[in-house]
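Structural overview
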Amino acid sequence: SERPRMEGIPLIQHAPWFEEARFGMFVHWGLYALPARHEWVMNQEETTVEEYSKYFRRFDPDLYDPREWARAARNAGMKYVVLTTKHHDGFCLWDSALTDYKATNTPAGRDLISPFVEALRAEGLKVGFYHSLIDWHHPDFTVDGVHPQRNAADVESLNAGRDMDRYRQYLHGQVRELLTNYGTIDYLFFDFSYTGGHQEEYWGGKGRKDWDSEALLAMVRELQPAIVVNDRLEIPGDLVTPEQYQPAGPMMVDGEPVTWEACQTLNGSWGYDRDNLNYKPVDLLIRMLVDGVSKGGNLLLNVGPTGRGSLDPRALGSLEGIGEWMKLHSRAIYGAGASSYPAPTDARYTQRGDRLYVHLFAWPFEYVHLPDLAGKVEYAQLLNDASEVFLRELDPAQQAMNMTPGGQPPGTLTIKLPVQKPDVAVPVLELFLKPSALRQESAHG
Ligand code: GLC
């Protein structure tokens, strides 16, 4: 199918909070927390709606307290939280008038979105909804290459009575409910269109025509004019959303830099995955956050609460470790973005006005050499304890010999560092740039 050209998506103008925030929490939570083996379990095990209903009957999140989630997010330094209102299995966390397949009718016995929204606002966090375009429960959603019944003997007859027009009305109606009944919603993360590529695997794939994306997005904008919408309706949204990889540079569309957010997991699975031990170490998660900001992007880091409704100890440990670093270093993240100065290897730069932050991914021995910054820095300190570090400019003509290090290329600023690495996951230098450096900075564009 002809795919619309993705015009350059502007840097989000109507919601400056988003790029200020830089760091959010993704929450994947629903019936799939009970099988506890990935949120695509219904697809992977080709489970029928009937077989899957055993989880519906036993969904009883007695420990669910979204204030705990919100506090854990805030303490980790996260500024917004995005919760799955409905995932691909079709189960709805809110008290939808359009279906019985909802938390209200499980042992949970109530709308689970309302307390979530209230908890976020109480903690001063922005509210995000994830909403699956895909629905493996709805009787009108046609079986296709990613559907749990994709290998059924009678796909033809299964699809004979299905009417995607009825499903579209349901999809639009539920999005209307979510954007009408819960006050201001700051971010909407649709997921996902699959019409191109993987031809054999994604046969019968669905995209903007199946969702009626243009009308859906128009309704979203009408109901919530300030909302941020992602790019998975197969028409341009406000940002692009690389997933489970770190972009090599700023995300571009048609040669233009765009607002972007990488969504990442702690262990590769979005939903709670009990036996999955593939956890990313905390310092790697911090480096991913820094790496993204150094390229002008956000990080949306996922947790998958358990069937009891609580965050598991491993997830809590990861969040606490990140929070410890953010307590000392968040001013190098919030409102910061890419710098046009070239960073040395094993380092990333984030810049916010006249502050340039040097994130040292490897602790060098006594000296770090910063290209193009000679004469442009007034003062420098270790951010964690605001202790001064000294600036030097090594003579480019100096021949390296015995105890004397060789010179550096012209324009290099050398900073002398303590031998002992500060006891933080990623040490950061805070450089105070001279106004001339800024003027040059703006000249860089
Ligand atoms: C992919 C997965 C889905 C997950 C989403 C998060 O689309 O299929 O399970 O919710 O990524 O962005």
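Residues numbered from 1 in each chain as written. Predicted model: local features only at pLDDT ≥ 70, side-chain atom pairs only at ≥ 80, totals over all residues. Heavy atoms only, no water.

Notes on the site of the ligand
Around the ligand, a shell composed of 14 residues is seen, among which H28, E39, W40, H87 and E243 lie nearest. Between an oxygen atom of the ligand and a side-chain N or O atom of H28, the distance comes to 2.6 Å. Here an oxygen atom of the ligand sits 2.6 Å away from a polar atom, N or O, in the side chain of E243. Among the residues making up the shell around the ligand, the classes are represented as seven nonpolar, three polar and four charged. (Near = heavy atom within 4 Å. Polar contact = N/O pair within 3.5 Å; in protein donor to acceptor, adjacent residues only side chain to side chain. Nonpolar A, V, L, I, M, F, W, Y, C, P; charged D, E, K, R; others polar.)

Comments concerning the packing of helix α4 (residues 66–76) against helix α5 (residues 113–122)
For the pair α4 and α5, interaxial distance at closest approach is 8 Å and the crossing angle is 35°. Along this stretch, α4 crosses α5, giving a crossing that reads as right-handed. In contact with P66, R67, W69 and A70 of α4, α5 contributes P115, F116, A119 and L120. Among the residues forming the contact of α4 with α5, the class breakdown is seven nonpolar, no polar and one charged. (Axes fitted to C-alpha atoms, helices over the stretch in contact; angles between N-to-C directions. Helix = DSSP H or I, 4+ residues; strand = E, 2+ residues; numbered from the N terminus. Left-handed = near helix turned anticlockwise from the far one by under 90°. Contact = heavy atoms within 4.5 Å.)

Some thoughts on the sheet that holds strand β16 (residues 413–416)
Strand order in the open sheet formed by three strands is β12-β16-β15, with antiparallel pairing between adjacent strands. At either end of the open sheet lies a strand with only one pairing partner, and these are β12 (367–370) and β15 (390–392). Pairwise comparison of adjacent strand axes, ignoring direction, gives a mean angle of 30° for this sheet. Two elements, β12 and β16, share four bridges in a ladder whose sense is antiparallel. Along β16, the bridge assignment pairs L370 with L413. (Pairing = 2+ DSSP bridges.)

Describing the packing of α4 against helix α11 (residues 313–329)
Across the interface, α4 lies against α11 with an axial gap of 7 Å and an inter-helix angle of 40°. On the basis of their axis angle, the class for α4 and α11 is oblique. Residue-level inspection shows A72, N75 and A76 of α4 in contact with α11, the latter providing L316, L319, I322, G323, M326 and K327. Across the contact of α4 with α11, the residue classes break down as six nonpolar, two polar and one charged. (Parallel < 35°, antiparallel > 145°, perpendicular 65-115°, else oblique.)

Quick notes on the packing of aromatic side chains
Scanning all chains against the criterion turns up 28 aromatic pairs. Aromatic side chains W29 and Y64 sit 4.7 Å apart centroid to centroid with 25° between the ring planes, which places their arrangement in the stacked category. Of this pair, W29 sits in the loop between β1 (23–27) and α2 (41–44) while Y64 sits in the loop between α3 (49–58) and α4; the two residues are 35 residues apart in sequence, bridging distant segments of the chain. Under the relative-accessibility criterion, W29 is labelled buried at 1%. For Y64, a relative accessible area of 5% puts it in the buried group. (Phe/Tyr/Trp six-rings, centres within 6.5 Å; stacked < 30°, edge-to-face > 60°. Buried < 20%, exposed > 50% of the residue type's maximum accessible area, 1.4 Å probe, protein only.)

Looking at the side chain of H147
Topologically, H147 is positioned in the loop between β3 (126–132) and α6 (155–160). On the accessibility criterion, H147 (2% relative accessible area) is buried. Among the polar contacts made by the side chain of H147, one reaches the main-chain amide nitrogen of Q149 at a distance of 3.0 Å. Non-local contacts of H147, meaning those with residues more than four positions away in its chain, are made with N43, W136, F141, T142 and R162.

With respect to the sheet that holds strand β4 (residues 187–191)
Reading across the sheet, the seven strands line up as β5-β4-β3-β2-β1-β9-β8 and stay open at both edges, with parallel pairing between neighbours. Each edge of the sheet is formed by a strand with only one pairing partner; in this case those strands are β5 (228–229) and β8 (260–264). Sheet topology note: the β1/strand β2 (residues 80–86) ladder contains four bridges and is parallel. Following the sheet pairing, F26 is matched in β2 by V82. Its contacts with the sheet place α5 against β2 and β3, and it is angled at close to 150° to β3.

A look at the environment of L125
Relative to the helices and strands, L125 is located in the loop between α5 and β3. The spacing of L125 and L299 is 174 residues in sequence and 15 Å in space, taken between C-alpha atoms.

As for unusual backbone geometry
Cis geometry is found at the peptide bond from D191 to F192, where omega equals -15°. Tracing the sequence through the fold places F192 in the loop between β4 and α8 (208–211). Residues other than glycine seldom take positive phi values, yet R22 does so here, at roughly 65°. For R22, a relative accessible area of 5% translates into the label buried.

Topic: the pattern of salt bridges
Any two side chains of opposite charge can pair, given that their charged atoms come close. Scanning the entire structure with this criterion turns up 25 salt bridges. Here E430 makes a salt bridge to R331, at a shortest N to O gap of 2.6 Å. Linking E430 in strand β17 (residues 428–433) with R331 in the loop between α11 and β10 (347–352), this pair joins segments that are 99 residues apart in sequence. Exposure remark for E430: the relative accessible area of 0% places this residue in the buried category. Residue class for R331 comes out partly exposed when judged on its relative accessible area of 38%. Salt bridges sharing partners connect three or more residues here, namely R331, D354, R355 and E430. (Salt bridge = Lys/Arg side-chain N within 4 Å of Asp/Glu carboxyl O.)

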